[in-house]
Amino acid sequence: MKKLGLVLGICLLIIGCGEKDTTFLITEKSVGSLLSETTVANLNQVFAQDSISKDTASSDSGKIKIYQKNGKHLLTLTSSSDSIPTIENIRIFDNRYKTDKGIGLNSTFQDIQENYSIKKIVTTINSIVIFPKESNLYFTIDKEELPSNLRYTTSKVEAVQIPPTAKIKYLMLGWE
């Protein structure tokens, strides 16, 4: 009987190891257990183990912040203004979240280039935003990561001008 229990235990271990943990996985249609079809009304079910903060006092009432029970900020969600609101935009705050290609908040511009083709780079006052082709992701890099001659310009920044070691400041995913 003990041998049967041991064999069953080993089988369960092997089966369990074959499944990929998606708790912090970012795909085009999901961020962890949050799906692109999830409505704002269903967030309490999706994040039952976490805390949800909706700021209704400010003009930014479409923002929903998700925290772990220990207070760690995981995500900030922006909801649509549809009759049945869904999630339009997600900003990742926790560095455990990674794309299916392994890109997260601890990644660099080189990591982005090695895993995605770049569709466009938009220059703003304080940062550059990188939009990969065929993806709803976008990455923001602070201009402080750029060479000094590019930090205070609003001119277009090209990929070759961005240091490979430039760190991602913001990682976001947009659903339409």
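Quick summary incoming for the structure in this document. (Residues numbered from 1 in each chain as written. Predicted model: local features only at pLDDT ≥ 70, side-chain atom pairs only at ≥ 80, totals over all residues. Heavy atoms only, no water.)

### Description of the pattern of salt bridges
Here is step 1 of the chain: In the structure shown here, the tally under the stated rule is two salt bridges.
Here is step 2 of the chain: In this structure, the salt-bridge partner of Asp94 is Arg96, at a minimum N-O distance of 2.6 Å.
Here is step 3 of the chain: Taking relative accessible area as the criterion, Arg96 reaches 34% and is therefore assigned partly exposed.
Here is step 4 of the chain: Measuring nitrogen to oxygen at the nearest pair gives 3.0 Å for the salt bridge that ties Lys169 to Asp142. Here Lys169, found in the loop between strand 11 (137–142) and strand 12 (170–174), pairs with Asp142, found in strand 11; they are 27 residues apart in sequence, far enough to count as distant. (Salt bridge = Lys/Arg side-chain N within 4 Å of Asp/Glu carboxyl O. Buried < 20%, exposed > 50% of the residue type's maximum accessible area, 1.4 Å probe, protein only. Helix = DSSP H or I, 4+ residues; strand = E, 2+ residues; numbered from the N terminus.)

### Structural notes on the sheet that holds strand 4 (residues 50–54)
Here is step 1 of the chain: The eight strands lie next to each other as 4-5-6-7-12-11-10-9, forming an open sheet whose pairing is antiparallel. The open sheet terminates on both sides in strands that have one partner only, identified here as strand 4 and strand 9 (118–123). Each strand axis lies, on average, 20 degrees off the axis of its neighbour in the sheet, ignoring direction.
Here is step 2 of the chain: Sheet analysis places strand 10 (residues 127–132) next to strand 11, joined by four bridges and oriented antiparallel. Residue Ile130 lies in a different strand from strand 11, and its bridge partner there is Phe139. (Pairing = 2+ DSSP bridges. Axes fitted to C-alpha atoms, helices over the stretch in contact; angles between N-to-C directions.)

### Examining the nonpolar core
Here is step 1 of the chain: The biggest cluster of nonpolar side chains holds 35 residues, and the ones touching the most others in it are Val31, Leu75, Leu77, Ile90, Ile92, Phe139 and Ile162.
Here is step 2 of the chain: Counting residues per element, the ones that place at least two in this core are strand 5 (63–68), strand 6 (73–79), strand 7 (87–92), helix 3 (109–115), strand 10, strand 11 and strand 12.
Here is step 3 of the chain: When sequence neighbours within four positions are dropped, the list of residues in contact with Phe139 reads Ile103, Ile112, Tyr116, Ile128, Val129, Ile130, Pro132, Ile168, Tyr170 and Leu171. (Core = buried A, V, L, I, M, F, W, Y, C linked by side-chain atoms within 4.5 Å. Contact = heavy atoms within 4.5 Å.)

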